[in-house]
Amino acid sequence: MFHRGEHAVTEAPTLDEGLLVEPVARRRPWVEFFTSTPGRLSVLGIALIAAVIAAGAITSAAVGARQQRVETLRTHTEPLANAAQALYSSLSIADAAATTSFVSGGGAIESTTGPDQFTQAIGDASNALVTATNGVSSQDAESLALLSDVVRNLAEYFNLVATAQANDRAGNPVGVAYLADASAIMQGTILPLAERLYVHQAEAVAETQTHTAQLPATAFTVTAAALVALVLAQLYLIRKSKRRFNPGLAVATLLMAGLLFWLIAGSLVSTSASEHARTEGTQPINTVARARILAQQARADETLAILQRGSDTQSEIDYARHSQALSDELTRQLDSSHGRAAEQHLRDAMTAREGWLAAHRDIEISLERGDYPTAAAIAAGSGARTSSAQFAALDESLRDAIDRLRDDEANAVTDVYRSMSSLAVGSMVIGVSCGFAVGGGIWPRLNEYH
């Protein structure tokens, strides 16, 4: 207030509105978008599409890896294990044939009935060796080293056998000593190497089957999480849009539920088939293969004892030990609830084993009397009750049992492969289809805000 002359003049005060009202803070556009309903719907759609595609991709990868392991088992690991077992058997039979030919009095293998068996066994061993060499992985250093040692020692073995034959043709008794050295290399070095190769590959078969029997937990978790996310998303849209049904999300939910059900059903069938292959195939095969190895070791002990005309007491001790272990393995397998497919072959093997034991007792009685020709005739003769005939029947029964169990195992492994053969591709197709369905369900809701 101030005075102009006699009048007092009053001026109305002015207010700076900027002092009374806070300035509006400038908000970033993307923050405004994501806090709005359209933004939230966009984020929801992108997250759902990523989730369903990830579920399909992870399931496809898990099933594909499982299929690859099964295929490796079917075409590589199991045939390699069988080749190792066949290599052992063939080499053992070849050594027994060489020894038997000397026992029968015809040291030159090509002059007796032994030559065909020896030649056949060497051919089978060569085939098994080639299969094993071609099948072993370049990264499997242990198997490669074992095969290399087998080949190196086989060369020495064949040289000793050839020297034994040459001396026997010349009438030199030293041929028996060379043959004994050759058999010692076979029994003490080559066959243990072949057995280690078989054990190594059999363990690889069992390990692969253990992996294929496991459920794909990661694929289950991701697929189930995607399904739950789809259900929650529909509940959110029901609350926001006041609509009870979203066709796109409903289709995506049904597809994801179908994928989860397919994964569960395929995994259960695959796991059951893997377990069948392990318990009805691999485990009984290992038992029967050990029995066959023990039988061949016992046969080698028997022929060596006769070749030494009963003077080698250690061979007789080894024969009794291997024969008893053979009986234990066969009894254990027959008492087992698994491997029923080969039961008849195993019973035939037990019968042949009893006949072989009876023939061996006759050999012992003949040697105790000093009747070497009779002992040799029982050991290497062709009669039905001879030791060679009974052992041949035993070995054939064990080989047939292994073949029957392998067929059962192969069928189960094929079931494992087929149970999920389409899931690897189908899961990816379902995942992508779910992504399109989610997009088709979210997009109309977004258009409502334009």
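Residues numbered from 1 in each chain as written. Predicted model: local features only at pLDDT ≥ 70, side-chain atom pairs only at ≥ 80, totals over all residues. Heavy atoms only, no water.

- Going by what an unreviewed UniProt entry lists, the protein chain is known as Chemotaxis methyl-accepting receptor HlyB-like 4HB MCP domain-containing protein and is assigned to Rhodococcus wratislaviensis NBRC 100605.

### Notes on the UniProt feature "transmembrane region" (unreviewed entry) in the protein chain
Phase 1: Following the UniProt record, the feature "transmembrane region" (unreviewed entry) maps to residues 43-65, 217-237, 249-269 and 423-443 here.
Phase 2: Between the C-alpha atoms that bound residues 423-443 there is a distance of 30 Å. The span itself is 100% helix and 0% strand. (UniProt positions renumbered as here; feature names shortened; annotations may be inferred. Helix = DSSP H or I, 4+ residues; strand = E, 2+ residues; numbered from the N terminus.)

### Remarks on the packing of aromatic side chains
Phase 1: Inspection of the entire model under this criterion finds 3 aromatic pairs.
Phase 2: Ring plane angle 85° and centroid distance 5.7 Å describe the contact between Y319 and W356, whose orientation is recorded as edge-to-face. You can see Y319 sitting in helix α9 (residues 313-335) and its partner W356 sitting in helix α10 (residues 343-368), a full 37 residues away along the chain.
Phase 3: Each member of the aromatic cluster is reached from another via a ring pair, and the members are Y319, W356 and F391.
Phase 4: Here the guanidinium or amino end of R74 rests over the ring plane of Y417, the centre of that ring lying 4.6 Å away. (Phe/Tyr/Trp six-rings, centres within 6.5 Å; stacked < 30°, edge-to-face > 60°. Lys NZ or Arg CZ within 6 Å of the ring centre and 35° of its normal.)

### Quick notes on the pattern of salt bridges
Phase 1: On inspection of all chains with the given rule, the structure shows 14 salt bridges.
Phase 2: Taking the shortest distance from any N to any O, the salt bridge between R278 and E275 comes out at 2.4 Å. Of this pair, R278 and E275 both sit in helix α8 (residues 247-307), 3 residues apart, which is roughly one turn of that helix.
Phase 3: A relative accessible area of 22% places R278 in the partly exposed class.
Phase 4: In this structure, E302 and R299 form a salt bridge, with 2.6 Å as the shortest nitrogen-oxygen distance. Taken as a pair, E302 and R299 lie in helix α8 at a separation of 3 residues, close to a single helical turn.
Phase 5: Among the ionic contacts, a cluster of salt bridges with common partners joins R290, E329 and R332. (Salt bridge = Lys/Arg side-chain N within 4 Å of Asp/Glu carboxyl O. Buried < 20%, exposed > 50% of the residue type's maximum accessible area, 1.4 Å probe, protein only.)

### Details of α10
Phase 1: Taking 1.5 Å as the rise per residue, α10 with 26 residues should run 38 Å; its terminal C-alpha atoms sit 37 Å apart, in good agreement.
Phase 2: Buried residues of α10: L346, A349, M350, A352, R353, G355, W356, L357, A359, H360, I363 and S366, and no others.
Phase 3: On the buried face of α10, the contacting elements are α8, α9, α11 (372-380) and α12 (387-419).
Phase 4: Following α10 by one or two positions, G370 adopts a phi angle in the positive range, close to 80°. (Expected span 1.5 Å × (residues − 1). Contact = heavy atoms within 4.5 Å.)

### Things to note about the environment of L144
Phase 1: Assignment of secondary structure puts L144 in helix α5 (residues 141-169).
Phase 2: Here L144 falls in the partly exposed class, since its relative accessible area comes to 35%.
Phase 3: With 53 residues separating them in the primary sequence, L144 and L197 have C-alpha atoms 9.2 Å apart.
Phase 4: If near-sequence neighbours (up to four positions away) are discounted, L144 is found in contact with V136, S137 and S138.

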